[in-house]
Amino acid sequence: MQVQAAAKLNLMLDVVGTLPDGYHSLFMIMQSVTLCDTVRVAETDGGIAVACADARVPANEHNIVYKAAKLFFETTGKAAGVRIEIDKRIPMAAGLAGGSADAAGTLYCLRAMFAPALTDRALCEIGERVGADVPFALTGGTALCMERGGVIAPLRGLDPCWFVLCKPDMDVSTKAAYQKLDEAPRLRHLDKNAMLYAVHKGDMSLLCEKAGNVFEQVVEVPLRPHIKGVMRECGASLTLMSGSGPTVYGLFLQEADAARCAKRLQKEFHEVHVCRSAERGVWETGA
């Protein structure tokens, strides 16, 4: 079975407190986009095998898809062997939830193959135990995600628009980014109510005005101002970092502007992608 697993962008990301388990309580408006990894799952005689042509992706129990498969079989009580192949296109360590997308694609396939009666909620509960972004990666579209990410409320989808994603040649540790949040003497929190109103009304102008990411206040990405400047020069209505970074994206209302921006950025950066919003997080494709 083969699926496409979508990357995510944060239209808004704010930290609103700390949960009893010590994790941060988040307020996130998330958006799936058509930049995807391909996940293929095939039944085998036994065990869980992971394969990926990208040598940076671990092909063992440390891979999140391995953990997702193991937990799926433990939770459902099913006994089967699988081989999971991943074709990576989503940049890694980029704030785009590529690993979570792969885990979501894996769980989607495993349910279809071995436990079709399993509810969406039960599948998301398995996913949340693997990674905070996995429940959204399973559901996708445009959504409000709260607490660790597992509390999800679907929102009105965006009007037609294009995104240019640019990842500078650096990685950001999510753990280190949250530590910087904790150490910050003060943070400027975001106008969450106005952002929800903008999304609900489909007011793209207000949405672009109110969008924000609290991590931009504490995570240093030296080339972020330059990338944003190029995007604005090309007509971006919004420029923002996704997740804990370092990827910066621009939202464009005209496809030609997005293409022109990508062409300019590709002269300086290796990982530049043009995509659109997606209504789902995972969908089936032909082999």
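Here's what I pulled together on the structure shown here. (Residues numbered from 1 in each chain as written. Predicted model: local features only at pLDDT ≥ 70, side-chain atom pairs only at ≥ 80, totals over all residues. Heavy atoms only, no water.)

All right, on to the overall build of the protein then. On a plain count of helices and strands, the protein comes out with 9 helices and 12 strands. For 287 residues, the compact-globule estimate of 2.2 N^0.38 gives 19 Å, and the protein sits close to it at 19 Å. For the protein, the C-alpha atoms occupy an extent of roughly 55 × 45 × 35 Å along the three principal directions. In the protein, buried positions account for 52% of the 287 residues. Taking the intrachain contacts of the protein between residues at least 6 apart in sequence as the baseline, contacts between residues at least 24 apart amount to 75%. Entry remark: accessible area of the protein is about 13,100 Å², with carbon and sulfur atoms responsible for 49%. (Helix = DSSP H or I, 4+ residues; strand = E, 2+ residues; numbered from the N terminus. Rg over C-alpha atoms; globule rule 2.2 N^0.38 Å. Buried < 20%, exposed > 50% of the residue type's maximum accessible area, 1.4 Å probe, protein only. Contact = heavy atoms within 4.5 Å. Areas by Shrake-Rupley, 256 points an atom, 1.4 Å probe, with all protein chains shown as cover.)

What follows is about the pattern of salt bridges. The tally for this structure, following the rule as stated, stands at 17 salt bridges. In this structure, Arg111 and Asp120 form a salt bridge, with 2.8 Å as the shortest nitrogen-oxygen distance. On the basis of relative accessibility, which here comes to 15%, the residue Arg111 falls in the buried class. Note that Arg264 is salt-bridged to Glu233, the shortest N-O span being 3.0 Å. You can see Arg264 sitting in helix H9 (residues 255-265) and its partner Glu233 sitting in helix H8 (residues 224-233), a full 31 residues away along the chain. Residue classification places Glu233 among the exposed residues on the basis of a relative accessible area of 53%. (Salt bridge = Lys/Arg side-chain N within 4 Å of Asp/Glu carboxyl O.)

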